[in-house]
Amino acid sequence: MAPPRSFFWSRRIFLTLLTGFVLVPVYVMVSSSLKPLADVTGEFHWVPSRLTIRPYIDIWSTIPLARYFVNSLIVAGAATVCSVVIAVFAAYAVSRYEFRGKRVFTVTVLSTQMFPGILFLLPLFLIYVNIGNATGIALFGSRGGLILTYLTFSLPFSIWMLIGYFDSVPRDLDEAALVDGCGPFGALLRVVVPAAIPGIVAVAVYAFMTAWGEVLFASVMTNDATRTLAVGLQGYSTLNNVYWNQIMAASLVVSVPVVAGFLLLQRYLVAGLTAGAVK
Amino acid sequence: MTTTAPAEAAVQQNPSGAAHPGPRRRPGRIRRIGLPYLLLLPALLLELLVHLVPMVIGIVMSFKELTQFYIRDWGTAPSSGLDNYRVSVDFDAPVGEALLHSFLVTVAFTLLSVGLCWLLGTAAALYLQDTFRGRGLLRALFLIPYALPVYAAVITWVFMFQHDNGLVNHVLHDQLHLTDKPSFWLIGDNSFWALLTVSVWKGWPFAFLIVMAGLQNIPGELYEAAALDGAGMWQQIRRITLPSLRPVNQVLLLVLFLWTFNDFNTPFVLFGKSAPEAADLISVHIYQASFVTWNFGTGSAMSVLLLLFLLVVTGLYLLLTSRGRKPADV
């Protein structure tokens, strides 16, 4: 059945407007990153009068961008690995076994997702400061401390999504492995995990993206040495000048890896969301 | 702890495993009852560390007079009873009045943002449902706002909202002549609309993603049958697509609501530590009460109040939407 004519023109108008809305900021980011400073501090122009790659060279020396980049990479990477590994075990237990307290556990995990980050920020801040005072272990301001706080949002989400995903892997598969002499861990690692790779990739992508973009904990829990990109980028605003061209260039540089990764892996994310969130 | 007690029970019941009560699927197969707890142990420990302990401490903090003098050793801070709560909900005094204002702003902002995100996401997903040239490209483009790191995306909007050198004023004032003079977007009343724009721009692709996933699960036979019965395109969307998406939409709207309501990153990058009054979202408000004016006790009380509100809203929502569904679905 062919859709009515009205469908085609409404689709054309809607999609054109929406594409404009989506792309204008992207265009601003790209075009401004190629303008000399004088051009971004003056009146805005759609078409750059002069193009320069200078901002892309200067971003590395105006602030220690490379260090922030490495910090973000370590923190987001470690938070992702930790939450995925731990969530795989927990989700396997919930998906495959009946045990006392299962419902309490899943409800707790589900509900911590709705809590505002600010709720955990204050107590964690105090805990870290006090542990530091009492034992000399510097959790506050360290990458380890930040990784730990990032588990507040990545862990519940990972467990929640993976339970749904593991449920969609046929039980016959790992039961066959158990019959064939695999232990429960063997069945998990050799059968369930490989079958659930799309879901695990989805969870990892999501956890990495949120950790890479996180601002709240990063702005309180870091110091000069451990600052992540989320906070470090503010360094391009000085008393005298806001280096908008460099800010745009740096934003682009830190965005390209995540956006590329996301677009490459988004098929898995959609599949994971279908199995996990959208039952 | 939780892990040892069932493990002991498992050892005791091991010889008569078949007689063990409980809803296990195949009692003979799972010999070690402690196994699920062993698998859960790392998750349990971390949940304890990052969620339960901080929550308990947060609640304790809310009953203390916790100013900057006591941060180094917060255990010694004097108890203040319900004072922090009293101050927070005393809407005639400055602190309570500001909190109420911030709460109302947040509610209005959240409802508008979630509604718009849902509308845009659903419309885009429906329009992109059948194949046409350029569909794959559009799909990828539409996901860019969602994939961009929050601070990179929002900082671009900050640049666009600049008074003198921003794109927004250039278009509205210089090109379209809609305003008499360039407006301020990041201070004053306009800031609410600036925040809403950024939030919708960043958030709608998530709705798009979920609705697209939901659409894939609707069996094609439904449409074929409807087409045979003579149902038109719009009728099919109204009678088949939207009802079939109901469970998906229920989860989606709840998640969008919670994320938007709790959002800190967007307003914080857009406005900094203290947001303009018109766009003073509750997360930033609590942050400011705690880390700018250094009153952690009041900040904690506000957090607890916020949590109670979210629990009530979520509870009501689940109650209203779970009718006819098995309780196990949650």
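All of the points below concern the structure found in this document. (Residues numbered from 1 in each chain as written. Chains lettered and ligands numbered in written order. Predicted model: local features only at pLDDT ≥ 70, side-chain atom pairs only at ≥ 80, totals over all residues. Heavy atoms only, no water.)

1. Section: the overall build of chain B
Then, in step 1: Looking only at helices and strands, one finds 14 helices and zero strands in chain B.
Then, in step 2: Along chain B, helices (α) and strands (β) appear in the sequence α-α-α-α-α-α-α-α-α-α-α-α-α-α when read from the amino end.
Then, in step 3: Considering chain B as a whole, with its 330 residues, one finds that 51% of them fall into the buried category.
Then, in step 4: Restricting the contact set of chain B to residue pairs at least 6 apart, pairs at least 24 apart contribute 65%.
Then, in step 5: Of the roughly 15,800 Å² of accessible surface on chain B, 65% is carried by carbon and sulfur atoms. (Helix = DSSP H or I, 4+ residues; strand = E, 2+ residues; numbered from the N terminus. Buried < 20%, exposed > 50% of the residue type's maximum accessible area, 1.4 Å probe, protein only. Contact = heavy atoms within 4.5 Å. Areas by Shrake-Rupley, 256 points an atom, 1.4 Å probe, with all protein chains shown as cover.)

2. Quick look at the layout of surface pockets
Then, in step 1: Roughly 640 Å³ of internal volume is contained in the second largest pocket.
Then, in step 2: What lines the second largest pocket is a set of 28 residues, among which A:Gln234, B:Phe268, B:Val269, B:Phe271 and B:Gly272 lie closest to the centre.
Then, in step 3: Counting residues per element, the ones that place at least two in the lining of the second largest pocket are helix 12 (229-232) and helix 13 (244-276) of chain A together with helix 6 (150-160), helix 12 (265-271) and helix 13 (282-292) of chain B.
Then, in step 4: Tallied by class, residues from the lining of the second largest pocket come to 20 nonpolar, six polar and two charged. (1 Å grid on protein atoms, 1.4 Å probe; cavity = no way out; pocket = protein on both sides within 12 Å on 5 of 7 lines; lining within 4 Å. Points joined across faces, edges and corners; volume = space filled by probe spheres on them. Nonpolar A, V, L, I, M, F, W, Y, C, P; charged D, E, K, R; others polar.)

3. Examining the interface of chain A and chain B
Then, in step 1: Contacts between the two partners involve 100 residues from chain A, matched on the other side by 110 residues from chain B.
Then, in step 2: Between chain A and chain B, the buried area comes to about 9,600 Å², and carbon and sulfur atoms account for 77% of it.
Then, in step 3: Of all residues in chain A, A:Met114, A:Leu122 and A:Trp244 give up the largest surface area on contact with chain B, accounting jointly for 7% of the area buried on that side.
Then, in step 4: For the pair chain A and chain B, the number of links is one salt bridge.
Then, in step 5: Put simply, A:Arg11 and B:Asp130 hold a salt bridge, and the shortest N to O gap is 3.0 Å.
Then, in step 6: If you look at where chain A meets chain B, you find 14 residue pairs in polar contact (both at pLDDT 80 or more). (Buried area = accessible area lost by both parts, 1.4 Å probe. Salt bridge = Lys/Arg side-chain N within 4 Å of Asp/Glu carboxyl O. Polar contact = N/O pair within 3.5 Å; in protein donor to acceptor, adjacent residues only side chain to side chain.)

4. Quick notes on the packing of aromatic side chains
The geometry of an aromatic ring pair comes down to the distance between the two centres and the angle between the two planes.
Residues and elements named next belong to chain A.
Then, in step 1: Evaluated as defined, the whole model comprises 44 aromatic pairs over all chains.
Then, in step 2: With a centroid separation of 5.4 Å and an interplanar angle of 40°, the aromatic rings of Tyr150 and Phe153 are classed as tilted. Remark: Phe153 and Tyr150 occur in helix 7 (residues 143-167); sequence separation between them is three residues, near one turn of the helix.
Then, in step 3: Residue classification places Tyr150 among the buried positions, given a relative accessible area of 2%. (Phe/Tyr/Trp six-rings, centres within 6.5 Å; stacked < 30°, edge-to-face > 60°.)

5. Things to note about helix 13 of chain B
Then, in step 1: Counted residue by residue, helix 13 of chain B has nine buried out of 11 residues, so it is predominantly covered.
Then, in step 2: Among the residues of helix 13 of chain B, those classed as buried are B:Ile282, B:Ser283, B:Val284, B:His285, B:Ile286, B:Tyr287, B:Ala289, B:Ser290 and B:Phe291.
Then, in step 3: Next to the buried residues of helix 13 of chain B lie helix 6 (117-135) and helix 11 (216-221) of chain A together with helix 4 (94-127), helix 11 (246-262), helix 12 and helix 14 (296-321) of chain B.
Then, in step 4: Two residues or fewer after helix 13 of chain B comes B:Trp294, characterised by a positive phi angle close to 55°.

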